[in-house]
Amino acid sequence: GAVVSQHPSRVICKSGTSVKIECRSLDFQATTMFWYRQFPKQSLMLMATSNEGSKATYEQGVEKDKFLINHASLTLSTLTVTSAHPEDSSFYICSAPRQGGDGYTFGSGTRLTVV
Amino acid sequence: AQSVTQPDIHITVSEGASLELRCNYSYGATPYLFWYVQSPGQGLQLLLKYFSGDTLVQGIKGFEAEFKRSQSSFNLRKPSVHWSDAAEYFCAVAINAGNMLTFGGGTRLMVKP
């Protein structure tokens, strides 16, 4: 149980275009979703926290107008990278707290390459 | 704010040898502690976690970790490493269940035949 499905797993886009990444909680309601970014050979850094029905909270240095997060339902959170540039190329991964405080469920990640 | 340090960026061990990966955290109270493993290009897999209770926790794949409050550490151990254990290992902490995770910088494990 407690599965988060993340799509797409890989995406290549042209510079200046937008890309949407979806994370769906399949068998539980995710009121909170954490979005992390991982550059090659680096650790995961929290970008933002989304809560169902409210505005996302962004970490310092993360442009909220560039990384649009929507959490309109209890089972879907989306991250849209707008006007993508090569420096946005990274591994993006979402994570939801498990119900009952038993840890976290991670999506499988999205490898974004901007050319 | 909490922070996590993994002092070893790379570790190489021979197959069959024992392994210890270090993790130190900075936080005023006992946080929730996790170890994850990540294979190249893949997502994260939980190895084990500590919330409270017995300070020696057992995980999957023969891994264990010991929480030492006095040293603010949560080191990961395995008595005999297999070639398939080669991967990146991340220690992570959360101040409460449901709060954001803060990850250490990771330790890349290489296994020699």
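Everything below is about the structure shown above.
Counting starts from 1 at the beginning of each chain's written sequence and moves along it residue by residue. Here chains are named by letter from A upward and ligands by number from 1 upward, in the order in which they appear as written. Totals for whole chains, interfaces and linings use every residue, but because this is a predicted model, local features are given only for residues with pLDDT of at least 70 and side-chain atom pairs only at 80 or more, for both listing and counting. Excluded from the side-chain calculations are hydrogens and water; all other atoms, namely the structure's heavy atoms, are used.

Draft legend 1. Local environment of empty space enclosed by the protein. Here the term cavity refers to a set of points on a 1 Å grid, laid over the protein atoms alone, in which a 1.4 Å probe fits but cannot get out; the term pocket refers to an open set having protein on both sides within 12 Å along at least five of seven lines, with lining residues being those that place an atom within 4 Å of a point. Grid points are joined across faces, edges and corners, and a volume is the space filled by probe spheres set on the points. A complete count under the given rule lists one cavity of 30 Å³ or more for this structure. Taken as a whole, the largest cavity holds about 30 Å³ of empty space. If you go around the largest cavity, the residues you meet are Gly101, Asp102, Gly103 and Tyr104 of chain A together with Tyr32, Phe34, Phe51, Ala94, Asn96, Ala97 and Gly98 of chain B. Of the residues in the lining of the largest cavity, the class split is six nonpolar, four polar and one charged. Each residue receives one of three labels: charged for Asp, Glu, Lys and Arg, nonpolar for Ala, Val, Leu, Ile, Met, Phe, Trp, Tyr, Cys and Pro, and polar for the others, Gly being one of them.

Draft legend 2. The interface of chain A and chain B, seen in detail. Of the residues lining the interface, 17 residues belong to chain A; the matching set on chain B comes to 20 residues. Buried area: the accessible surface (1.4 Å probe) lost by two parts on joining, summed over both. Taken together, the two surfaces of chain A and chain B that pack against each other cover about 1400 Å², and 61% of this comes from carbon and sulfur. By definition, a salt bridge exists where a carboxyl oxygen of Asp or Glu is found within 4 Å of a side-chain nitrogen of Lys or Arg. One can count one salt bridge joining chain A with chain B. A salt bridge links lysine 49 of chain B to aspartate 102 of chain A; its shortest N-O distance comes to 3.4 Å. Between N or O atoms, a polar contact is any pair within 3.5 Å; within protein, one atom must be a potential hydrogen donor and the other a potential acceptor, and residues adjacent in sequence are included only when both atoms are from side chains. Between chain A and chain B we count six residue pairs in polar contact (both at pLDDT 80 or more) in total. Under the scheme used here, helices are H or I runs from DSSP no shorter than 4 residues and strands are E runs no shorter than 2 residues, and both carry numbers assigned from the N terminus. Every element with two or more residues in the side of chain A that touches chain B is listed here: strand E4 (32-38), strand E5 (44-51), strand E9 (90-97) and strand E10 (104-106) of chain A. Contact between two residues is taken to exist if any of their heavy atoms lie within 4.5 Å; hydrogens are not considered.

Draft legend 3. Region of the structure containing the side chain of glutamate 88 of chain B. Residue and element names in this part refer to chain B. Structurally, glutamate 88 can be placed in strand E10 (residues 87-94). Separated by 3.5 Å, the side chain of glutamate 88 and the backbone nitrogen of threonine 107 make a polar contact. Polar side-chain contacts of glutamate 88 include one of 3.0 Å to the side chain of arginine 108.

Draft legend 4. Focus on the pattern of salt bridges. Residues and elements named next belong to chain B. Tallied over the entire structure, the rule returns eight salt bridges over all chains. Measuring nitrogen to oxygen at the nearest pair gives 3.2 Å for the salt bridge that ties glutamate 66 to arginine 77. Remark: arginine 77 occurs in strand E9 (residues 73-78) and glutamate 66 occurs in strand E8 (residues 64-68); sequence separation between them is eleven residues. The class of glutamate 66 is partly exposed, set by a relative accessible area of 23%. A salt bridge links glutamate 88 to arginine 108; its shortest N-O distance comes to 3.0 Å. Taken as a pair, glutamate 88 in strand E10 and arginine 108 in strand E12 (residues 107-112) lie far apart in primary sequence, 20 residues in all. The buried label goes to any residue with under 20% of its type's maximum accessible area, the exposed label to any with over 50%, and the partly exposed label to all in between, with areas taken from a 1.4 Å probe on protein chains only. By relative accessible area, which is 27% here, arginine 108 ends up partly exposed. Counted as one network, the salt bridges with shared partners bring together Glu64, Glu66 and Arg77.

Draft legend 5. The environment of aspartate 102 of chain A, seen in detail. Within the secondary structure, aspartate 102 of chain A sits in the loop between E9 and E10. On a C-alpha basis, the gap between aspartate 102 of chain A and valine 4 of chain A in space is 15 Å, while along the polypeptide they are 98 residues apart.

Draft legend 6. Examining the packing of aromatic side chains more closely. Each Phe, Tyr or Trp ring (for Trp, its six-membered ring) is paired with any other whose centre lies within 6.5 Å, and the angle between the two planes then decides the class: stacked below 30 degrees, edge-to-face above 60, tilted in between. The final tally for this structure, using the stated rule, is 16 aromatic pairs over all chains. For the pair phenylalanine 67 of chain A and tyrosine 92 of chain A, a centre-to-centre distance of 6.4 Å together with 40 degrees between the ring planes defines the contact as tilted. Of the two residues, phenylalanine 67 of chain A sits in strand E7 (residues 67-73) while tyrosine 92 of chain A sits in strand E9, which places them 25 residues apart along the sequence. Here phenylalanine 67 of chain A and tyrosine 92 of chain A have matching classes, each one buried. Between tyrosine 50 of chain B and phenylalanine 67 of chain B, the ring centres sit 4.8 Å apart and the planes meet at 25 degrees, which makes this aromatic pair stacked.

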